[in-house]
Amino acid sequence: MPELDAKATAAFGGKVVRKDLVGKVKVGSNIPVFVLEYLLGKYCATSDAAAIEAGLKMVNRTIAENFVRPDEANAAQSKVKEKGRQTLIDKVKVRYLSEDDKYWAELVNFGHRFVHIPERYIREFDRLLLGGVWAQVDLVHKFEEEAKGKRSPFWIEELRPIQIATFDLAEYREGRKQFTTVEWIDLLIRSIGLEPSAFTPRVKLLFLLRLLPLCETNYNLVELGPRGTGKSYAYQELSPYVILLTGPTTVANLFYNISTGKMGLVGLWDAVAFDEVADLQKMPKEVVTTLKTYCESGTFARGKEALIARASTAFFGNTNQPVEVMVRSSHLFLPLPDVIREDLAFLDRIHFYIPGWEIPKMRNEFFTGHYGFVVDYLAEALRQLRVHNFTEVIDRHFSLGAHLNARDVKAVRKTVSGLVKLIHPSGEVSKDELAELLELAVEGRRRVKEQLKKMGSFEYHQTSFSFIDQDSRQERFVGVAEEGGRNLISPDPLAPGSVYTASVDDQGKVALYRLEVGCAPGTGKLKVAGGLSGSMKESIQRAFAYLQSHKVNLGLAHAVDGIDFHVEAIDLMANAIPCDAGVGLVVAIYSALKKQAVLPGLVVLGDLSIQGNLKPLRSLIEPLRVGMENAAKRALIPIENKRHFLEVPADILEKVDPVFYGDPLAAAMKALGLG
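Report on the accompanying structure. (Residues numbered from 1 in each chain as written. Predicted model: local features only at pLDDT ≥ 70, side-chain atom pairs only at ≥ 80, totals over all residues. Heavy atoms only, no water.)

Below, the discussion takes up the packing of helix 20 (residues 534-549) against helix 22 (residues 582-594). At a minimum axis separation of 8 Å, helix 20 and helix 22 run at an interaxial angle of 50°. Relative to helix 22, the element helix 20 is oriented oblique. At the point where helix 20 passes helix 22, the crossing takes the right-handed sense. Taken together, the residues of helix 22 that come into contact with helix 20 (itself represented by Ser539, Ile540, Ala543, Phe544 and Leu547) are Gly582, Leu585, Val586 and Ile589. Taken together, the residues that form the contact of helix 20 with helix 22 break down as 7 nonpolar, 2 polar and no charged. (Axes fitted to C-alpha atoms, helices over the stretch in contact; angles between N-to-C directions. Helix = DSSP H or I, 4+ residues; strand = E, 2+ residues; numbered from the N terminus. Parallel < 35°, antiparallel > 145°, perpendicular 65-115°, else oblique. Left-handed = near helix turned anticlockwise from the far one by under 90°. Contact = heavy atoms within 4.5 Å. Nonpolar A, V, L, I, M, F, W, Y, C, P; charged D, E, K, R; others polar.)

Time to look at the sheet that holds strand 5 (residues 133-141). Strand order across the open sheet formed by 5 strands is 4-3-2-5-6, with antiparallel pairing between neighbours. Of all the strands in the sheet, the pair left with one neighbour each is strand 4 (112-115) and strand 6 (154-161). Each neighbouring strand pair of the sheet contributes to a mean axis angle of 50°, computed without reference to strand direction. Relative to strand 5, strand 2 (residues 85-97) runs antiparallel, the two sharing 8 bridges. Bridge pairing links leucine 88 to valine 137 in strand 5. Seen against the sheet, helix 4 (residues 73-83) touches strand 2, strand 4, strand 5 and strand 6 and runs at an angle of roughly 110° to strand 2. (Pairing = 2+ DSSP bridges.)

Let's shift gears to the sheet that holds strand 20 (residues 498-504). Hydrogen bonds between backbone groups are what pair the strands of a sheet, and the pairing can be parallel or antiparallel. As summarised here, the arrangement of the 7 strands in space is 22-23-21-20-24-27-28, forming an open sheet in which the pairing is mixed. Two strands close off the open sheet at either side, each with one partner strand: strand 22 (526-528) and strand 28 (657-661). Within the sheet, the average angular offset between the axes of one strand and its neighbour, ignoring direction, is 30°. Alignment of strand 24 (residues 602-605) against strand 27 (residues 634-638), held across 3 bridges, turns out to be parallel. Each bridged residue has a counterpart across the sheet, and for leucine 602 the counterpart in strand 27 is arginine 634. Against the sheet, helix 20 makes contact with strand 21 (510-521), strand 22 and strand 23 (563-571), and its axis sits at roughly 165° relative to strand 22, the strand it touches most. Where helix 22 meets the sheet, its contacts fall on strand 20, strand 21, strand 23, strand 24, strand 27 and strand 28, and the angle it forms with strand 21 comes to roughly 35°.

Structure (structure tokens):
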């Protein structure tokens, strides 16, 4: 037996199982995988081939003889009555009824909600009261004529759980000490059915990150990536405490039903996962607004009540483009539905963005034939760890950098806490191992923040995330492959008639466009390509009207009258924010008519009225920062904005040279290097 398998079976006897055996149990039933694995762990926890074969037969026989199918409930009840006694495999739930002052058991598939149960089982197996336990039940039929209250002929004589009925966290933590960190990670990866030798250490950690909502309360995770990478597997097969939504839902179902007074899914489950996040588009807007509040604080209001829940959320979606295309042309939240993609406040509540494109598509050779935890045992471990808090573990050796705001710090701390629970459940982690987990947590949060910055909001411009070693005071900056600018502004000269232009709206969102003007023989008309919003189109039309009315003063009368101008505006940020591009159009037309390129690395700022009066920008900082991050070397700025220049940070001034202008013609001349 391989060393790790031997260690696992020695440290966790009866709680590990060979993962390839589940597929060999041909039961044709709806018994959950975690129940099958429990039976396999009980009968097949050995390396002896003959014993495994005998164990498989025992598992199959046990299920075939005792399992109750829901559509056979009446027949099963009749059989118990006729025989007087019967052994069944079913899910047993227990509830207390005050009017009877009695505990009643419910056998779910057996179809009876009032079954007598000895109270010793309730004390011994606490999960009977917490959602129920799959068990092998010896059921007898007898009537008590003298019984008071509800009368039922069915009595549980003996109950033997075939699911983890009790869990000892101290024992789990003690077992962890017998493994190195690498071995423990490999055991966890095998527990979800995968072979760790097929993956890099980073990919193995990405797999474990999918489990964070199972062990960390009120954790918000998103993973977008190609199809077939097993994004939602953990929420289908690994735990009985999570639910995977595969279609639209309502506020009443998800949060709280006012009419019935019953708590929704976030109050009943440890984690709620959305298998296709695109389904949010089909849901009432109230779902998204309530979800946004819940993801921030774990609270939500329904009617007159302010309620609290602890369920984590996970959002999974598919990408339809290679990540390189998304990075180059837009941002990594592009696959999300409009209802949340355009809600920056909602996106800012995400604690970690798993780069799903780094995880390979599942292939047969990725599945393991080695030992891993029975998933029900692992699920119980993760659930028990939810009540523990390791968010302060960072403070033992590190502090976080200045660019992380309160929401960033919360996200990083919760991610580190979840990873420590998974990999170091006792909370004992070395400084070097903590640094590795902290770097991954910072990266995942920065990925969220970088996309918000790319979407044009200056509010999120501080993304130089770092952490500081408290001993050496060394600061380590953490990057992501998608960080910073994308060099949208070419350092090489553009073709004549092309120019970069930018503006900022009243919400601090920046628009960055490339205007391209083509000239063709005609009668002096402006032809704008489709797709421009009203305000940007109006800005371009105002600028062209100015050119037409001042063409003599500008020395362009002959040229303008005999040419039609075809204008196209390319949204480089892909954020659909309209741009005040009046001066940019004047510069582009002047460049096209003179057949001379503008200066390389130039971005034009400013708009103008129909009479040619300059309209200053609301602020210089945001468009100049976006320009700097996208390789701009110089910026044309209206002279009216000169007083704002003192507000521009030094790091921008070092990289972007200001060129002020007082009228549109001066702007055009300076743009071409003639002024």
